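Report on the structure
Chain by chain, the residues run as shown.
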Amino acid sequence: MRLLVTGGAGFIGSNFVHTTVRDRPDVEVTVLDALTYAGDATSLAPVADRVTLVQGDITDGALVDRLVGESDLVVHFAAESHNDNSLHDPWPFVQTNLIGTYTLLEAVRKHGVRYHHISTDEVYGDLELDDPAKFTADTPYNPSSPYSSTKAGSDLLVRAWARSFGVQATISNCSNNYGPYQHIEKFIPRQVTNLIDGVRPRLYGAGENVRDWIHVEDHNTAVWAIIDRGQIGETYLIGADGEKNNLEVVQTLLEVFGRPTDDFDHVTDRAGHDMRYAIDATRLRTELGWEPTFTDFGAGLRATVEWYRANEAWWRPAKAATEAKYAQAGH
Ligand code: NAD
Ligand code: TDX
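Computed from a predicted structure; not experimentally measured.

Calculation notes
Residues numbered from 1 in each chain as written. Chains lettered and ligands numbered in written order. Predicted model: local features only at pLDDT ≥ 70, side-chain atom pairs only at ≥ 80, totals over all residues. Heavy atoms only, no water. Salt bridge = Lys/Arg side-chain N within 4 Å of Asp/Glu carboxyl O. Helix = DSSP H or I, 4+ residues; strand = E, 2+ residues; numbered from the N terminus. Near = heavy atom within 4 Å. Polar contact = N/O pair within 3.5 Å; in protein donor to acceptor, adjacent residues only side chain to side chain. Areas by Shrake-Rupley, 256 points an atom, 1.4 Å probe, with all protein chains shown as cover. Buried < 20%, exposed > 50% of the residue type's maximum accessible area, 1.4 Å probe, protein only. Lys, Arg positive; Asp, Glu negative; His and termini not counted. Contact = heavy atoms within 4.5 Å.

1. Quick notes on the pattern of salt bridges
For the structure shown, the criterion picks out 24 salt bridges. Arg200 is the partner of Asp265 in a salt bridge, and the nearest nitrogen-oxygen pair spans 3.0 Å. Taken as a pair, Asp265 in strand 13 (residues 265–267) and Arg200 in the loop between helix 6 (187–196) and strand 8 (202–204) lie far apart in primary sequence, 65 residues in all. Overlapping salt bridges bring together Arg200, Arg202, Arg259, Asp263 and Asp265 as one network.

Here it is, written out as structure tokens:
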């Protein structure tokens, strides 16, 4: 089987390629990635002999048409993915997340290629802290940021192309991922690399905001379960019952580093900051028989800290510029 992975040099995409190469020797993998600030070819170095990396943009219609025409399955991870960046400059989010998805959909429509669309739980907006509800596939879309609104728009394009043109598509909306190869602009790797440098973690606002953490490996086994056994045209929510508030995450990290649990700074909150995300993944578990493996968040976090300690050469080049950008924004 010939698989095209967009965004395969990013965090989740590169982990997906690693998992696929390990578990599915019959799959030929091509990665299409623009290698933006968030993409890194070295994330694919351990599997370089099994993967063809094409550096290119998903908005490039001719390139996308050729690569999709040579594939049996497209898994679309490529996106501008960071909320804080989208508040500073929304344009690349509109371009990549909306126009890029449109470009891929036109190509899979033309060539009749199976398509899986990777999306986020942020399309549903947020929940109150004291609300017992969780997101399901029936929750109305209500995105808050330029990032989440462009992801919501991309999901709606997929639904329309599936219904109107019969595109063979599935969609997954996953909660917050953590694990190896995550860009250090994101919450967990930012604090881990700060702590390695002896810098105090930075908590937005009071730190009460809740995210539903899932290990990237569990996200990717769920994606394969949907590709293998999911129903065409359906949307599946991916989550592993990992709700934690940001303060708890920072305190767990401080414990891992043997530091006092109040050794962090509160910084300016994010504009429009979503309060809580929570996923009901019942359908994925009951209909597709998927179960997460990383059910101990503390253990997953310790393994992730070890990965960043052991792979300083991977993240160090981006650290100073990432922190300079945050300093400018008051974060
Ligand atoms: P990331 O920012 O780490 O990686 C994105 C990758 O896409 C990078 O390699 C980048 O170079 C590439 N890319 C960006 N614009 C491109 C373009 N125009 N053409 C080709 N390649 C381009 O993101 P991530 O965290 O790995 O997220 C991957 C996907 O998963 C995204 O669609 C995101 O919305 C979704 N998602 C992420 C999370 C999370 O917690 N990180 C949770 C749920 C869903
Ligand atoms: O330094 C920080 N301090 C802090 O308190 C940073 C960078 C973040 N935060 C907070 C903001 C959020 O409440 O931590 C939480 C997580 O922040 P991010 O890592 O930026 O993730 P989030 O905005 O929740 O979005 C992530 O999960 C859903 C991914 O970036 C998205 O791509 C995905 O769709």
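Text resumes after the structure shown.
2. Overview of the site of ligand 1
Among the 28 residues in the neighbourhood of ligand 1, the closest are listed as Ile12, Asp33, Ser81, Tyr147 and Lys151. Within the side chain of Tyr147, an N or O atom sits 2.7 Å from an oxygen atom of ligand 1. Within the contact set of ligand 1, an oxygen atom lies 2.6 Å away from a side-chain nitrogen or oxygen of Lys151. About the coverage of ligand 1: the protein hides 96% of its 840 Å² of free accessible area. Going through the elements one at a time, helix 1 (11–23), strand 5 (114–120) and helix 5 (146–165) are the ones with two or more residues in the shell around ligand 1.

3. Brief notes about the side chain of Glu122
For Glu122, the location among the structural elements is in the loop between strand 5 and helix 5. Within the buried core, Glu122 has no salt-bridge partner, and the shortest N-O distance to an opposite charge, that of Arg211, equals 5.4 Å. Within polar-contact distance, the side chain of Glu122 engages the side chain of Asn83 at 2.9 Å. Residues within four places of Glu122 in sequence aside, it is in contact with Asn83, Pro143, Tyr147, Ser148 and Tyr277.

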